[in-house]
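These are the residues of each chain, in order.
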Amino acid sequence: MLKGKKILLGVTGSIAAYKTAILVRLFVRAGAEVKVVMTSSAKDFVSPLTLSTLSKHPVLYNISDEDTWANHVMLGRWADVMLVAPCSANTLGKMAKGICDNLLQAVYLSATCPVVISPAMDEDMWHHPATQQNIAKLSSYGVKVIPAEHGELASGLTGEGRMPEPETLFRYLVENYFRDTRLNGMKALVTAGPTYEAIDPVRFIGNHSSGKMGIAIAEELYLNGADVELVLGPTLIQPRFTGIHTVKVQSAGQMYEAVRRSFPSADIAVMSAAVADYTPVEPSPGKIKKRSEDFNLRLKPTADILKSIGREKKPGQFVVGFALETENEEVHARDKLKTKNADLIVLNSLREEGAGFGVDTNKIIVFGSEGETWNFPLAAKTQLAREIINLIITRLQR
C-alpha cells in the first residue's frame, strides 16, 4: 500500500509516545520507509532502541553527536510527509513561534514536505487560549492538525486532549497523502457481505459471507483514487477509510434498490456480495411459534442484481461479477460471464482449503469477456483485491 513512500515521524515528550511503536510498525508493514526524530524528553516515554528496531533506521535526537552531524535540511527534504505525533503543548508552541532549540524543531523548520501534527495533552492545556492560538497559527502556515480526541487522559481525568489511536493516524495519512491517482475522477460501486431474508422478526435466511473480499476491493479502489460507494450487507466488518461512502442494507431487495440508484453514474461496478437467491413469499409479522407438525416455507426468487446492471450497462461502464460454485466451477463461471454481460467474473471455490467464507485468504480464477483467464494462487484477500483492481485498470486503459 505504501511501498516507496517516505515518512518522517517526530516524537515529543508525552505519555502518548508509547503509541508510536505501533504506529511505526503499521507504516513499515504497509511498505513505507520510516525515519524517527525525537526530542530529548520523548526518550523518557518511549525507547529510541524500540523505534530504531521497528523502523530499521537510527533514531535521531541530537543535532550533533561527537563527530557526526544530523543533517536536518536533508531530513526535511527526504520525506513525503512529516508527522509529529504526539505533539506536546511545548512543541506546539515552539513550532508556532519558529523556535529552533532541538533537532525536531530544526527539521520542522527545514521541511519542504507537508507537515501534520497530532496534539496530545491534558484537557485544560488543550482548551487553553494559548494552545488554541498556536494551533490556529500553525494551520495558517499550512500545517494540518489531527484534532485531539475525547477519552481517558494521563491525569486520570476523562476529556479532550487524547491522541488518536495509531490506526486512526495511519488512516489519516493514507487517505490524505498516499492515495494513487490511477482512478481519479472515476466512480466505483461495490457490493459486499451477505443478505438476510426475513422469515419473521427473529429468524432469517442468510449465508456465511463476512464481506472481507468485497470490503478489500472497495478499499483498493479507493486507494487508487476512485470515489467509492459500498453497498454493504449485514456484517460486523467495516471499511477502514472514512472516505468510502457506505450504504448499509439487510435484504437482497434493499441491495437491489441501492445498486439501481447508484449504477447509472458508476464507471466501475464490482458485485461481490453473496446475495440470497430466494426470499420468503410472506414473512410473518410475528414470531413463528414452534409446533409439532412440519413447517413449510414458500420462497420466491430475488432480483438478479448482476444481470440487471449487465443488461443496462452503457459503453464505458465496467462490470465485475463474482461466482461461488461447488461443482463444474469453470463452466458455470464462464456461462455467468456471458449471460450477465459482465466484463470479468471472479470464481471462488468452496473446495479449496483456506478459501471461501470468513477467512482472510482466498484462491480465485478470473475470466475475461475477451477470453482471458487469470489463475491466482491462495493469497490474502487484500492482495487478491489489488490483483483484481490491476486487471480492471489494465482493461480500462486499452
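Residues numbered from 1 in each chain as written. Predicted model: local features only at pLDDT ≥ 70, side-chain atom pairs only at ≥ 80, totals over all residues. Heavy atoms only, no water.

Considerations on unusual backbone geometry
Thought 1: In the segment running from alanine 85 into proline 86, the intervening peptide bond is cis, with an omega of -5°.
Thought 2: Residue placement: proline 86 occurs in strand β5 (residues 81-87).
Thought 3: Notably, asparagine 328 is not glycine yet its phi reads approximately 45°, a positive angle.
Thought 4: Looking at the secondary structure, you find asparagine 328 in the loop between β18 (318-325) and α12 (329-339).
Thought 5: The residue asparagine 341 is not glycine, and still its phi comes out positive at about 55°.
Thought 6: Within the secondary structure, asparagine 341 sits in the loop between α12 and β19 (344-349). (Helix = DSSP H or I, 4+ residues; strand = E, 2+ residues; numbered from the N terminus.)

Some points on the pattern of salt bridges
Thought 1: Tallying each qualifying case throughout the model produces 12 salt bridges.
Thought 2: A salt bridge links lysine 94 to aspartate 101, with the shortest nitrogen-to-oxygen separation between them at 2.9 Å.
Thought 3: For lysine 94, a relative accessible area of 15% puts it in the buried group.
Thought 4: Residue classification places aspartate 101 among the partly exposed residues on the basis of a relative accessible area of 47%.
Thought 5: With a shortest N-O distance of 2.6 Å, aspartate 200 and arginine 203 are connected by a salt bridge.
Thought 6: By relative accessible area, which is 4% here, aspartate 200 ends up buried.
Thought 7: What makes arginine 203 partly exposed here is its relative accessible area of 33%.
Thought 8: Put simply, Lys19, Arg162 and Glu165 are held in one network by salt bridges that share partners. (Salt bridge = Lys/Arg side-chain N within 4 Å of Asp/Glu carboxyl O. Buried < 20%, exposed > 50% of the residue type's maximum accessible area, 1.4 Å probe, protein only.)

Focus on the sheet that holds β5
Thought 1: The strand order β2-β1-β5-β6-β7 describes an open sheet built from 5 strands, whose pairing is parallel. Two strands in the sheet have a free side with no partner beyond their single neighbour: β2 (33-38) and β7 (144-145).
Thought 2: Judged from the 4 bridges that link them, β5 and strand β6 (residues 115-119) form a sheet pairing that is parallel. Bridge pairing in β6 links leucine 83 to valine 116. (Pairing = 2+ DSSP bridges.)

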